[in-house]
Amino acid sequence: MKIMMISSEVLPFAKAGGLGDMVAALSAELARQGHDIRIVLPRYYSVDPGRLRRLERPLGVPMGIEEEWCGIASTTLPGTDVPIYFLDNQALFGRDGIYGSKTEPEFSDNLRRFTLLSRGALQLAKMLEWKPDVVHAHDWPAALAPVYLNTLEGEGFFADTGSVLTIHNLAHQGIFPKEELEHTLLGWEQFHGAGFEYHDRVNLLQAGIRNADVLTTVSPTYAKEIQTAEYGHRLEGLLRHRSRDLYGVLNGMDDRLWNPEKDIHLPVNFSAGHLAGKAACKAALQEVMGLEVGDEVPLYGMVSRLVEQKGFGELCGPTHGSLYNICDDLDVQFVILGTGEEWCELELEKLAERLQNLAVDLEFNEPLAHLIMAGSDFLLVPSAFEPCGLTQMYAMRYGTLPVVRRTGGLADTVENYDERTGEGTGFVFDLLTPSSIYNTVGWALWTWFNRPEHIADMQQRAMAKRFSWEASATRYAELYAGAIDRRVGTIPRTW
Ligand code: ADP
Ligand code: GLC
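Residues numbered from 1 in each chain as written. Chains lettered and ligands numbered in written order. Predicted model: local features only at pLDDT ≥ 70, side-chain atom pairs only at ≥ 80, totals over all residues. Heavy atoms only, no water.

Even after reading the chapter, I still don't get the site of ligand 2, so can you show me in this structure?
Neighbouring ligand 2 are 13 residues; His168, Asn251, Glu386, Cys388 and Gly389 lie closest to it. A distance of 3.3 Å is found between an oxygen atom of ligand 2 and a side-chain nitrogen or oxygen belonging to Gln309. Burial of ligand 2 by the protein chains amounts to 93% of its free accessible area of 310 Å². Along the lines of polarity and charge, the residues of the shell around ligand 2 split into 5 nonpolar, 6 polar and 2 charged. The residues that make up the shell around ligand 2 include at least three from each of domain 1 (2-252 + 470-488) and domain 2 (276-467). (Near = heavy atom within 4 Å. Polar contact = N/O pair within 3.5 Å; in protein donor to acceptor, adjacent residues only side chain to side chain. Areas by Shrake-Rupley, 256 points an atom, 1.4 Å probe, with all protein chains shown as cover. Nonpolar A, V, L, I, M, F, W, Y, C, P; charged D, E, K, R; others polar. Domains from an automatic or database assignment.)

Help me understand the side chain of Lys310, please; the structure alone is not making it clear to me.
Following the sequence through the fold, Lys310 ends up in the loop between strand E14 (299-306) and helix H10 (312-316). A polar contact is formed between the side chain of Lys310 and the side chain of Glu386, at a distance of 2.8 Å. Leaving out residues up to four positions away in the same chain, Lys310 has contacts with Ser304, Arg305, Pro382, Ser383 and Glu386. (Helix = DSSP H or I, 4+ residues; strand = E, 2+ residues; numbered from the N terminus. Contact = heavy atoms within 4.5 Å.)

I would appreciate a short explanation of the packing of aromatic side chains in the present structure.
Two descriptors summarise a pair of aromatic rings, namely the distance from one centre to the other and the angle between the planes of the rings. Enumeration over the complete set of coordinates arrives at 20 aromatic pairs. Between the aromatic rings of Phe157 and Phe158, the centroid separation amounts to 5.0 Å while the plane-to-plane angle is 85 degrees, which identifies the pairing as edge-to-face. Among the aromatic residues, ring-to-ring pairing joins Tyr300, Phe334, Phe378, Tyr417, Phe427 and Trp443 into one connected group. One Lys or Arg, Lys131, reaches over the ring of Phe157 and ends 5.2 Å from the middle of that ring. (Phe/Tyr/Trp six-rings, centres within 6.5 Å; stacked < 30°, edge-to-face > 60°. Lys NZ or Arg CZ within 6 Å of the ring centre and 35° of its normal.)

Please explain the site of ligand 1 as it appears in this structure.
Of all residues adjacent to ligand 1, which total 19 residues, the nearest are Gly18, Arg305, Lys310, Glu363 and Leu390. A distance of 2.5 Å separates an oxygen atom of ligand 1 from a polar atom in the backbone of Gly18. Taking Asp21, its side chain carries an N or O atom lying 3.3 Å from an oxygen atom of ligand 1. Starting from 560 Å² of accessible surface for ligand 1 in isolation, the protein chains cover 93%. The set of elements that each furnish at least two residues to the shell around ligand 1 consists of helix H1 (18-32), E14, strand E15 (333-340) and helix H14 (391-397).

In structure tokens, the structure reads:
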């Protein structure tokens, strides 16, 4: 099949979170399975044009009152021959940051920026005379693509092209003042007609959900959760309405990048049979983070965006967070790598000043993320919601036991420890409260000190888990076929 991926993030060119990992790894595996994949991404300022090949012809994209012009540059996804096309437009993309910056958390012209991505990707397919069987759009920045396929691009070139929209995070919907709809050239009748209207504003994700032939999200549990008021971010009614077209497909993990036997970022590699290297990684991690070096104290790691979604309100909220108590009361070391909301960065800095056994690093640092996965004993992921979550999978592969809240992909990937039998691959709790985080962290520590044989067995079990992309990519290929069937009318859509 010919599949066009449209995404605002693709590893290694642009990444704010797991979306970048997912699009790169899924594309690589689909290509390995014989599909013809092409990816379209904006050329942000951070992408070095020196590494790209420029196409001769510029691309005109109908937008607003005049056409926007883009240069097109291309290269291949590393380790594959999958072409990636970058839309080059300095006015809209030539700045630091994917969605926003420190001073402007969300760029005020984001609707125009990502209209250019969605419509530009479709224009590019026409310019290349490469007709995709399916357009696979990711999250709100690409959600206009399925809308165009049902409206301005509904006939002609794309008449038989199916669309799949993957929801990686329902909390981000792309909501803008309604006047901005004019940039899309869709016409006012589509404000209601295509399902944009949301409390008198424009909601791009909502319109994408209305228009895509098939909807997916990144774990089976999250697919169910988002149909409830608790997790639906006010789109649960619409998602329930489309539930027959909505599927949860668990993300895999990219074994080429996350494998303790080959990881280039580790001082010493290791495997389930030879764990000595893991102890060396722990010592190296303690050293770089300025913690006391030694194996007699258990080490907790976190690698995360510092936002409410990830449980940081309960962990380090100024009046009630449990992190201070954990580090003050318990025999433990704690390492946190992350960037995010300013309040959270400030709180963590304050706590790290007071607590000898807490080290924080507030930057985006890929090598350090690998060292934390390898050198920690436990990885804490106390998310309020987690569409899939990749770090708990990485942790398990490196023999680091995840301590997680039972939600979304965390519930689908981590098996809770059973004290009687010693079974499980991690520690799981239900309530999102400071005290359940505290108690579960404590329970895992107690087990580490008092049941080392259970911990060792769990490590072996966790390391043997394979969250492979092979099965998930095969599932996506089936869903692509389903999208085409809905497009050409052999299967009725629910809208
Ligand atoms: P989300 O996409 O919601 O942020 P995921 O668990 O799916 O959560 O993916 C997060 C990805 O981003 C992981 O690959 C993780 O290692 C990486 N990551 C997050 N913060 C940092 C950071 N500060 N430095 C390096 N990598 C990070
Ligand atoms: C989102 C989600 C995360 C998921 C990632 C990749 O950023 O928050 O849970 O793993 O997308 O699908």
